[in-house]
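Structure assessment
These are the residues of each chain, in order.
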Amino acid sequence: MRPVTKIATGFVFAFGALRLNGFDLLLDPVGWGLCASGLFRLRRSGDDPFAAAWVSAAAMICVSFAILALSSGMLGYDRTVSYFAQVISVAGTAGAPLTVWLAVEAVIRRIRPGGETATADLLDVLRWAVAGLGALAGLAQYGYVGLETAVGVVWFAAVISLIIVLYRSARLRCLFPM
């Protein structure tokens with residue numbers, strides 16, 4: 001599987017939901033792991049934009065495992081776990097758009113010099129939409145925005161569009177690993 005295809009598939013797992021008896025079969029840690037794997041294959045040095053995105057995706061693997069453990073009730077319910085759950089929830093809400101931003105930024109920086117300016121511009125607009133609407137959706141989750149459904153639907157459409165453009169970009173020569 002090509003690295004950018006892994007990143008896009010990781011976003012499908014991380015942002016999608018396929019529930020069976022209340023359990024999400026598309027595990028977020030698997031999605032972030034796929035994303036991190038694709039980013040790792042595309043990085044060329046330690047200060048490469050793909051390296052920064054890889055660190056963020058790796059952190060999201062840990063955060064999503066913690067969220068999974070907390071949501072399953074594995075850790076019990078006391079005050080310390082409740083505080084930890086709130087911190088982890090905020091980290092997940094803020095970390096997901098940040099990881100998308102960094103991953104798409106790295107792709108844009110790689111394809112723009114290769115002459116794919118239209119695709120780079122489209123990815124730029126979509127990452128702004130995903131990050132901005134994701135921030136609004138995060139605020140809506142905590143009750144600060146009154147348009148939860150509308151923001152969620154438009155954000156989901158932006159995520160789907162971003163994933164489609166990433167899948168289409170995976171065949172670009174400049175996005176092959178060295």
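The notes below deal with the structure included here. Bear in mind the structure is a predicted one, so any value in this text is a computation, not a measurement.

Some remarks on the overall build of the chain
- On a plain count of helices and strands, the chain comes out with six helices and two strands.
- The helix and strand sequence of the chain, counted from the amino end, reads α-β-β-α-α-α-α-α.
- A globule of 178 residues ought to have a C-alpha radius of gyration of about 16 Å, and the chain, at 17 Å, matches this closely.
- Over its C-alpha atoms, taken along the principal directions, the chain stretches across nearly 55 × 35 × 30 Å.
- For the chain, buried positions account for 41% of its 178 residues.
- In the chain, of all internal contacts separated by at least 6 residues, the share reaching a separation of at least 24 is 65%.
- Working note: accessible area of the chain is about 9600 Å², and carbon and sulfur atoms make up 66% of it.
- Counting 14 positive and 10 negative side-chain charges, the chain places the centres of these two groups 9 Å from one another.

Brief notes about the packing of helix α1 (residues 3-15) against helix α2 (residues 28-42)
- For the pair α1 and α2, interaxial distance at closest approach is 7 Å and the crossing angle is 160°. Taken together, the axis directions place α1 and α2 in an arrangement best described as roughly antiparallel. Note that α1 runs across α2; the crossing there is left-handed. Each of P3, V4, K6, I7, T9, G10, F11, F13, A14 and F15 in α1 lies in contact with α2, whose residues at this interface are D28, V30, G31, W32, L34, C35, S37, G38, L39, R41 and L42.

Quick word on a nonpolar patch on the surface
- A surface patch of nonpolar side chains, about 390 Å² in accessible area, is lined by L18, L20, F23 and L25.
- Within the secondary structure, F23 is located in strand β2 (residues 23-24).

Quick word on the packing of aromatic side chains
- Considering all chains together, one arrives at six aromatic pairs under this definition.
- Look at F15 and W32: their rings are 5.8 Å apart centre to centre, the planes differ by 80°, and that puts the pair in the edge-to-face class. Here the residue F15 occupies a position in helix α1, and W32 occupies one in helix α2, the gap between them amounting to 17 residues. Comparing F15 with W32, the two get one shared label, buried.
- Ring plane angle 90° and centroid distance 4.7 Å describe the contact between W101 and W128, whose orientation is recorded as edge-to-face. Taken together, the residues span a long stretch of sequence, with W101 in helix α4 (residues 79-111) and W128 in helix α5 (residues 117-141) at a distance of 27 residues.

What counts, and at which threshold
Residues numbered from 1 in each chain as written. Predicted model: local features only at pLDDT ≥ 70, side-chain atom pairs only at ≥ 80, totals over all residues. Heavy atoms only, no water. Helix = DSSP H or I, 4+ residues; strand = E, 2+ residues; numbered from the N terminus. Rg over C-alpha atoms; globule rule 2.2 N^0.38 Å. Buried < 20%, exposed > 50% of the residue type's maximum accessible area, 1.4 Å probe, protein only. Contact = heavy atoms within 4.5 Å. Areas by Shrake-Rupley, 256 points an atom, 1.4 Å probe, with all protein chains shown as cover. Lys, Arg positive; Asp, Glu negative; His and termini not counted. Charge placed at Lys NZ, Arg CZ, Asp CG, Glu CD. Axes fitted to C-alpha atoms, helices over the stretch in contact; angles between N-to-C directions. Parallel < 35°, antiparallel > 145°, perpendicular 65-115°, else oblique. Left-handed = near helix turned anticlockwise from the far one by under 90°. Patch = residues over 30% accessible without salt bridge, like charges linked within 9 Å, V, L, I, M, F, W, Y side chains within 5 Å. Salt bridge = Lys/Arg side-chain N within 4 Å of Asp/Glu carboxyl O. Phe/Tyr/Trp six-rings, centres within 6.5 Å; stacked < 30°, edge-to-face > 60°.

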